[in-house]
Amino acid sequence: EENGIMTREDFGNIWSQCNGMYQTQPGLETASYQQHLEKLPPAGGLRMAMADGVNNIALMASDLITFKHVHELVLSEHSNPDWKKHRHFGLMTLTMDEILNYPGNSM
């Protein structure tokens, strides 16, 4: 059993749904993602967009978990008296509102 509200199988199913729709429909064999959203029936376009969105959220969550592990590793190095080189690691997050309202301050 996995922690969280979704399993790896759930993500695999979402990916399969999106992948199964992309460039497989008649007339969309070479279409871009945007063209798919414009030409698929509304329910199909929404399903594809939702699958893509969930995939992006999963990737961001995975990145945050990886950053947490790196941060923990760096902290453990600091507590090791035999470690000669100390590294520093900082993680800064911004809300989407901050990025959209103040794009010049987000980088």
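Residues numbered from 1 in each chain as written. Predicted model: local features only at pLDDT ≥ 70, side-chain atom pairs only at ≥ 80, totals over all residues. Heavy atoms only, no water.

Draft legend 1. Layout of the overall build of the chain. Of the regular secondary structure elements, the chain holds four helices and zero strands. Mapped in sequence order, the helices and strands of the chain form the string α-α-α-α. Radius of gyration (C-alpha) of the chain: 20 Å, far over the 13 Å computed for a compact globule of 107 residues. By its C-alpha atoms, the chain is 65 × 40 × 25 Å across when sized along the principal axes. Here the chain holds 107 residues, and the buried ones make up 14% of them. In the chain, the share of contacts with a sequence separation of at least 24, taken over all contacts with a separation of at least 6, comes to 24%. Of the accessible surface of the chain, which amounts to about 8800 Å², a share of 58% is contributed by carbon and sulfur atoms. Within the chain, the 13 negative side-chain charges are centred at a point lying 9 Å from the centre of the 7 positive side-chain charges. (Helix = DSSP H or I, 4+ residues; strand = E, 2+ residues; numbered from the N terminus. Rg over C-alpha atoms; globule rule 2.2 N^0.38 Å. Buried < 20%, exposed > 50% of the residue type's maximum accessible area, 1.4 Å probe, protein only. Contact = heavy atoms within 4.5 Å. Areas by Shrake-Rupley, 256 points an atom, 1.4 Å probe, with all protein chains shown as cover. Lys, Arg positive; Asp, Glu negative; His and termini not counted. Charge placed at Lys NZ, Arg CZ, Asp CG, Glu CD.)

Draft legend 2. Here's a closer look at the nonpolar core. Listed in full, the eight residues of the largest apolar core are Ile-14, Cys-18, Met-21, Leu-28, Ala-31, Leu-40, Met-48 and Ala-51. Among the secondary structure elements, those contributing two or more residues to this core are α1 (8-21) and α3 (42-78). If one sorts the elements of this core by residue count, α1 sits on top with three residues. In contact with Ala-31, not counting residues within four places along its chain, are Tyr-22, Gln-23 and His-36. (Core = buried A, V, L, I, M, F, W, Y, C linked by side-chain atoms within 4.5 Å.)

Draft legend 3. Local environment of the environment of Ala-61. Here Ala-61 shows up in helix α3. For the pair Ala-61 and Pro-81, spaced 20 residues apart in sequence, the C-alpha to C-alpha distance is 33 Å.

Draft legend 4. Structural detail: the pattern of salt bridges. Using the criterion set out here, one finds one salt bridge in the structure. A salt bridge links Lys-68 to Glu-72; the shortest N-O distance between them is 4.0 Å. Of this pair, Lys-68 and Glu-72 both sit in helix α3, four residues apart, which is roughly one turn of that helix. (Salt bridge = Lys/Arg side-chain N within 4 Å of Asp/Glu carboxyl O.)

Draft legend 5. Quick peek at α3. Look at α3: 54 Å from first C-alpha to last across 37 residues, which is about the 54 Å you get at 1.5 Å a residue. Where α3 is concerned, the buried positions are Gly-44, Gly-45, Met-48, Ala-51, Ala-58, Val-74 and Glu-77. Structurally, α3 contributes buried residues whose contacts are with α1 and α2 (33-39). (Expected span 1.5 Å × (residues − 1).)

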